[in-house]
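Spelled out from the first residue to the last, the chains are:
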Amino acid sequence: MTLKALIFDVDGTLAETEELHRESFNAAFAEAGLAWVWDRDDYRRLLAVTGGKERVRAFESERGLNPLGEDALRALHSHKTMFFTEGMATGRVPLRPGVEELMLRGRERGLALAVATTTSRPNVDALCRATWGRKAAEVFDVIAAGDEVAAKKPAPDIYVLALARLGVDAGETLAFEDSEAGVAAAHRAGLSVVAAPSVYTCHQDLSLADLIVADLADPAVMAAFTRRSLRSYSESIDRTV
Ligand code: XBP
Ligand code: MG
């Protein structure tokens with residue numbers, strides 16, 4: 001099949017955003033008067049759970065805490081998202097190496113560009129405004145994000161939604177991910193996956209990926225992606241570089 005679309009994960013793939021997410025969770029906890037502080041080790045462990053609200057629930061369960069009410073959790077997460085989008089607006093989080101180049105090459109080849117992410121949609125908008133200076137809908141043809149699906153990564157649902165919106169088959173698409181849950185989600189949706197582990201996922205098992213690189217600037221990514229047929233891509237690449 002011929003390559004028709006590139007689908008990007010957001011957090012950890014487009015940019016190293018998780019440290020700002022961690023700081024934003026802690027700011028929201030403090031604002032809510034909760035004596036919760038997630039250090040980097042806590043967050044690395046809790047990142048195994050995708051979705052910010054689900055991550056708070058996992059923390060409550062891990063610590064045997066009385067769970068927040070649903071409305072209180074939604075308010076807490078909404079404030080966390082506010083802190084995150086404000087932090088992104090400072091410009092402190094750049095795109096990862098190779099991302100901009102890869103997307104430019106994709107556009108030159110007439111490929112559709114999409115996002116399939118667990119993060120909340122406002123975070124995608126904030127990242128695009130801070131890095132491309134444009135709305136997310138002006139950077140990507142399709143955006144599938146956050147609570148649009150009930151089952152988050154490693155479930156394939158968000159990739160299935162992105163494929164449906166793109167109107168392409170999994171075999172015509174290449175996914176770019178940074179985490180074990182994200183690679184599993186794309187793989188289960190039938191896509192070939194390029195994995196570039198991020199600061200918070202470098203310890204994770206990404207072996208389901210078809211290609212593992214340090215970052216998307218690696219020549220192996222462009223070499224594989226520029227082949228017209230994905231068949232030659234998926235058959236010819238090593239699993240790790
Ligand atoms: C990463 C996630 C998200 C973020 C936090 O998403 O799992 O939950 O950590 O964002 P992806 P929210 O790697 O799929 O982009 O608090 O908005 O969930
Ligand atoms: Mg990610």
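Everything discussed here concerns the structure shown above.
This write-up is about the structure you can find in this document. What you see is a predicted model, and the numbers here were worked out from it, not measured in a lab.

**Describing the side chain of histidine 77**
Working step 1: Along the chain, histidine 77 falls in helix α4 (residues 70–89).
Working step 2: Look at histidine 77 and you get buried, because its relative accessible area is 9%.
Working step 3: Not counting residues up to four positions away in its chain, the partners in contact with histidine 77 are Phe25, Gly52, Lys53 and Ser120.

**Here's the deal with the pattern of salt bridges**
Working step 1: With the rule as written, the count across this model stands at 21 salt bridges.
Working step 2: In this structure, arginine 45 and aspartate 42 form a salt bridge, with 3.4 Å as the shortest nitrogen-oxygen distance. With arginine 45 and aspartate 42 both in helix α2 (residues 40–46) and three residues apart, the pair spans about one turn of that helix.
Working step 3: Of the residues examined, arginine 45 reaches a relative accessible area of 40% and is grouped as partly exposed.
Working step 4: Measuring nitrogen to oxygen at the nearest pair gives 2.3 Å for the salt bridge that ties arginine 105 to glutamate 101. On the criterion of helical spacing, the pair formed by arginine 105 and glutamate 101 is a turn pair, its members being four residues apart in helix α5 (residues 99–108).
Working step 5: Glutamate 101 sits in the partly exposed class, given a relative accessible area of 41%.
Working step 6: Members of the salt-bridge network, linked through shared partners, are Asp42, Arg45, Glu62 and Arg63.

**Quick look at the site of ligand 1**
Working step 1: In the vicinity of ligand 1 lie 20 residues, with Gly52, His77, Lys80, Thr117 and Ser120 positioned nearest.
Working step 2: At 2.8 Å, a side-chain N or O of aspartate 9 approaches an oxygen atom of ligand 1.
Working step 3: Separating an oxygen atom of ligand 1 from a backbone N or O atom of valine 10 is a distance of 3.5 Å.
Working step 4: Taking a 2 Å distance to the grid points as the criterion, the majority of the atoms of ligand 1 fall inside the largest pocket.
Working step 5: Elements represented by at least two residues in the shell around ligand 1 include exactly α1 (18–31), α3 (52–63) and α4.
Working step 6: Among the elements that make up the shell around ligand 1, the one with the highest residue count is α1 (three residues).
Working step 7: Class assignment of the residues belonging to the shell around ligand 1 gives a composition of four nonpolar, ten polar and six charged.

**Looking at the environment of histidine 21**
Working step 1: Within the secondary structure layout, histidine 21 lies in helix α1.
Working step 2: With 35 residues separating them in the primary sequence, histidine 21 and valine 56 have C-alpha atoms 12 Å apart.
Working step 3: Setting aside chain neighbours within four positions, we find histidine 21 in contact with Asp11, Tyr43, Lys80, Phe84, Thr119 and Asn123.
Working step 4: There is a polar contact of 2.8 Å between the side chain of histidine 21 and the side chain of aspartate 11.

**Let's talk about the pairing of strand β3 (residues 142–145)**
Working step 1: Where burial is concerned, the two faces of β3 agree: the one with Val142 and Ala144 and the one with Ile143 and Ala145 are both buried.
Working step 2: In terms of strand pairing, strand β2 (residues 112–117) meets β3 through four bridges, oriented parallel. Of the residues in β3, the one forming a bridge with valine 115 is isoleucine 143.

**Some details on helix α9 (residues 180–188)**
Working step 1: Every buried residue of α9 is accounted for by Ala181, Gly182, Val183, Ala184, Ala185 and Ala186.
Working step 2: Of the surrounding secondary structure, the elements contacted by the buried residues of α9 are α8 (157–166), β4 (173–177) and β5 (192–195).
Working step 3: Among the residues trailing α9, glycine 190 stands out with phi positive, at a value near 95 degrees.

**Focus: the packing of α4 against helix α6 (residues 121–131)**
Working step 1: Two elements in contact, α4 and α6, have axes whose closest approach is 9 Å; the angle formed by their N-to-C orientations is 10 degrees. On the basis of their axis angle, the class for α4 and α6 is roughly parallel. Contact residues: α4 offers Lys80, Thr81, Phe84, Thr85 and Met88, while α6 offers Pro122, Asn123, Ala126, Leu127 and Ala130.
Working step 2: Each residue belonging to the contact of α4 with α6 can be placed in one class, and the counts come to six nonpolar, three polar and one charged.

What counts as what
Residues numbered from 1 in each chain as written. Chains lettered and ligands numbered in written order. Predicted model: local features only at pLDDT ≥ 70, side-chain atom pairs only at ≥ 80, totals over all residues. Heavy atoms only, no water. Helix = DSSP H or I, 4+ residues; strand = E, 2+ residues; numbered from the N terminus. Buried < 20%, exposed > 50% of the residue type's maximum accessible area, 1.4 Å probe, protein only. Contact = heavy atoms within 4.5 Å. Salt bridge = Lys/Arg side-chain N within 4 Å of Asp/Glu carboxyl O. Near = heavy atom within 4 Å. Polar contact = N/O pair within 3.5 Å; in protein donor to acceptor, adjacent residues only side chain to side chain. 1 Å grid on protein atoms, 1.4 Å probe; cavity = no way out; pocket = protein on both sides within 12 Å on 5 of 7 lines; lining within 4 Å. Sits in = over half its atoms within 2 Å of the grid points. Nonpolar A, V, L, I, M, F, W, Y, C, P; charged D, E, K, R; others polar. Pairing = 2+ DSSP bridges. Axes fitted to C-alpha atoms, helices over the stretch in contact; angles between N-to-C directions. Parallel < 35°, antiparallel > 145°, perpendicular 65-115°, else oblique.

Spatial relationships are all this shows, so hold off on functional conclusions.
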